[in-house]
Amino acid sequence: MSDSQPQQPSPFPPGGRGEGGGQGPQRPSGNANAHAAESTTLLLAGARLTDGRTVDVRLGGGRIQAVGTAGSLPSPALARVDLTGYLLLPAPAEPHAHGDTALTADGEGPVSYAPDEVQRRATEAALLQLGHGATAVRSHVRIGDVHGLGPMEAVLQARRSLRGLTDLTTVAVPRLLTGVAGADGFAMLRDAVKMGASVIGGCPDLDPDPTGFLEAVLELAAEHGCPVDLHTDGDDPGRLARLAAMAGGLRPGVTIGPCGGLSRLPLDVAHRAADQLAAAGVRVTCLPQGDCAALERRGLRTAPVRLLRAAGVRVAAGSGALRDAGNPVGRGDPLEAAFLLASQGGLRAPEAYASVSGAAREAMGLPEVRVEAGFPAELLAVRGDRIAGVLSLAYSRIVIHRGRVVARTSAVREYCDSAVAVALDLPRQGRAEPGP
């Protein structure tokens, strides 16, 4: 089987087919893409929903205008995409990415943090994640040390260039915030927020004074009305209790992750910590594919998702590393994160998918998406008929952002001519002529 690389397709697929027909890669065109998204009206024909219905969905103005039974929506002048054979879902979002370090695992020598290199990596990573279906990405960006604010400036430039294709937001991640060394880090964190970083982050576990680090972050977040998204292993119940006590009143919200250390705590201790986090409204973003490099260590287990959910903690799932020091083979694929939660985390397939879609969007402060009239047209069509099936074999995908097709990945599976293949009537796509 061959799987094509993600391409940026035209909103008018030749022949109205859901697969194939994409244009070659194009340079993002910023505001032109955003304008096109607002002005395009698109009909998604013959899509299957998770409740088993087959429907037509009309999109316009970046939102879902109407959902009706197949063939019920008039479409003489509309662009049309045939979604026969596809399951239509709310698009996933990526709540925990590292665009500044992505795609560096195979490089020789030290990683370059020249602004153009960081911008290129962040842009390519966001487009790869978009091809998988993530129409919104939250990227944690390290600031300070010798690189200063350069990486943040580069990722913000990538964000501007991607407008209309995907929504990229940034988390400013300082190394230290306490003591003499932390004074510069705090000043730089403040500058990063003024530059455009919309979320305040960091790794309190790595600061000599974790409580002081938390105090500094929460103070600045309250001052600017920013949400907080912190890296922590979660293996210190006392530290989690202090975080819950301090974070409970922050209106924009606090997210922590990946919290793999919670799985290594005694069960009664982990339950108590989960109850404290739930009471404080602290969200958790787990990383089923493994820890990211920001923690400077590799955990053996993911967060105890079922335990956290049972306590009432809102849990999202992210991808973390994308072929960098944290995971040299990371894919940045939300559906893989959902697959791992379903196959290893004990969640049912719909719950696993919700963790990378609805829960991820909520953690990122994004509006809810449903395949219903009036909701944002942030959608993913995957070849298949049930969520469990598409998590298992999610090859062909069509991604819709702001009501416009922005990415398409098509897979072709062929079997050689044989009596066995004919007798079993195995699914086949591709050339009509006999194979070699």
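Look up: the structure comes first, before these words.
Source: prediction; values computed, not measured.

A. The arrangement of the layout of surface pockets in detail. Approximately 410 Å³ is the volume attributed to the second largest pocket. For the second largest pocket, the lining is made up of 22 residues, of which T50, P90, V369, R370 and V371 are closest to its centre. Mapped by element, the contributors of at least two residues to the lining of the second largest pocket are strand 6 (86-90), helix 10 (349-356) and helix 11 (358-363).

B. Examining the packing of helix 2 (residues 115-132) against helix 3 (residues 150-161) more closely. At a minimum axis distance of 8 Å, the contact between helix 2 and helix 3 shows a crossing angle of 45°. By the criterion of interaxial angle, the relationship of helix 2 to helix 3 is oblique. Read as a crossing pair, helix 2 and helix 3 show a hand that is right-handed. Listed contacts from helix 3 to P115, V118, Q119, A122 and T123 of helix 2 are P151, A154, V155, Q157, A158 and S161.

C. Highlighting the packing of aromatic side chains. Going through the model one piece at a time under the given rule, you end up with 0 aromatic pairs. Sitting over the face of the ring of Y113, R121 holds its NZ or CZ atom 5.4 Å from the ring centroid.

D. Region of interest: empty space enclosed by the protein. Applying the stated criterion across every chain, the model contains 1 cavity of 30 Å³ or more. Its boundaries defined by the atoms lining it, the largest cavity holds a volume of some 40 Å³. Surrounding the largest cavity, P204, D205, L214, T232, R239, L240 and L243 form its lining. Here the residues of the lining of the largest cavity sort into 4 nonpolar, 1 polar and 2 charged.

E. Highlighting the pairing of strand 10 (residues 199-202). Burial of strand 10 is two-sided: the residues V199 and G201 facing one way and the residues I200 and G202 facing the other way are all buried. Relative to strand 10, strand 9 (residues 167-173) runs parallel, the two being bridged by 2 bridges. Following the sheet pairing, V171 is matched in strand 10 by V199. Bridge analysis of strand 10 against strand 11 (residues 228-232) gives 3 bridges, and the strand direction is parallel. Its bridge partner being in strand 11, G201 is matched across the sheet by D229.

F. Molecular detail of the nonpolar core. The biggest cluster of nonpolar side chains holds 81 residues, and the ones touching the most others in it are V254 and I256. Ranked by the residues each element gives to this core, the list is headed by helix 5 (residues 210-224), at 7 residues. With residues up to four places along the chain from it excluded, the contact list for V254 reads L218, V228, L243, A247, G281, V282 and R283. Counting 21 residues, the second-largest nonpolar core is a separate cluster that includes A47, V369, A377 and A381.

G. Spatial organisation of the environment of A274. Summarising the element assignment, A274 is placed in helix 7 (residues 267-280). Here A274 falls in the buried class, since its relative accessible area comes to 0%. Considering only alpha carbons, one finds A274 and P304, 30 residues apart in sequence, at a separation of 9.6 Å. Sequence-distant contacts of A274, that is, excluding residues within four places in its chain, are made with L307, L308, A311 and V313.

H. Structural context of the packing of helix 6 (residues 237-247) against helix 7. It is the contact of helix 6 with helix 7, at a shortest axis distance of 9 Å, that shows an interaxial angle of 15°. Between helix 6 and helix 7, the interaxial angle falls into the category roughly parallel. As for the relative orientation of helix 6 and helix 7, their crossing is left-handed in sense. From helix 6, P237, L240, A241 and A244 reach across to helix 7, where they touch V269, A273, Q276, L277 and A280.

I. Representation of the pairing of strand 6 within the structure. Counting buried positions along strand 6 yields 4 of 5 residues, so the element is predominantly enclosed. With 5 bridges joining them, strand 6 and strand 15 (residues 379-383) adopt antiparallel strand pairing. Residue pairing across strands places L87 opposite V382, the latter belonging to strand 15.

J. Representation of the sheet that holds strand 7 (residues 94-97) in the model. One open sheet holds the 8 strands; their spatial order is 7-8-9-10-11-12-13-14, and the pairing between them is parallel. The sheet is open, and its two edges are formed by strand 7 and strand 14 (315-317), each paired on a single side. Going from strand to strand, the sheet's axes swing by 25° on average, the running direction of each strand aside. Relative to strand 8 (residues 136-142), strand 7 runs parallel, the two sharing 2 bridges.

K. Structural detail: helix 3. For helix 3, spanning 12 residues, the distance from its first C-alpha to its last is 17 Å, which sits close to the expected 16 Å at 1.5 Å a residue. When we look at burial in helix 3, the residues that qualify are G150, P151, M152, A154, V155, L156 and A158.

L. Up close: helix 4 (residues 179-195). For helix 4, with 17 residues, the first-to-last C-alpha span of 24 Å sits near the 24 Å given by 1.5 Å per residue. The complete set of buried residues in helix 4 reads G182, G185, F186, L189, A192 and V193. On an axial view of helix 4, the arc spanned by its buried residues comes to 120°, and they lie on one face. Helix 4 presents V180, D184 and K194 as exposed residues on the side facing more than 90 degrees away from its buried surface. Those residues of helix 4 that are buried are in contact with strand 9, strand 10 and helix 5. G196 occupies a position one or two residues after helix 4 and carries a positive phi of about 140°.

About the cut-offs
Residues numbered from 1 in each chain as written. Predicted model: local features only at pLDDT ≥ 70, side-chain atom pairs only at ≥ 80, totals over all residues. Heavy atoms only, no water. 1 Å grid on protein atoms, 1.4 Å probe; cavity = no way out; pocket = protein on both sides within 12 Å on 5 of 7 lines; lining within 4 Å. Points joined across faces, edges and corners; volume = space filled by probe spheres on them. Helix = DSSP H or I, 4+ residues; strand = E, 2+ residues; numbered from the N terminus. Axes fitted to C-alpha atoms, helices over the stretch in contact; angles between N-to-C directions. Parallel < 35°, antiparallel > 145°, perpendicular 65-115°, else oblique. Left-handed = near helix turned anticlockwise from the far one by under 90°. Contact = heavy atoms within 4.5 Å. Phe/Tyr/Trp six-rings, centres within 6.5 Å; stacked < 30°, edge-to-face > 60°. Lys NZ or Arg CZ within 6 Å of the ring centre and 35° of its normal. Nonpolar A, V, L, I, M, F, W, Y, C, P; charged D, E, K, R; others polar. Buried < 20%, exposed > 50% of the residue type's maximum accessible area, 1.4 Å probe, protein only. Pairing = 2+ DSSP bridges. Core = buried A, V, L, I, M, F, W, Y, C linked by side-chain atoms within 4.5 Å. Expected span 1.5 Å × (residues − 1). Arc of directions from axis to C-beta.

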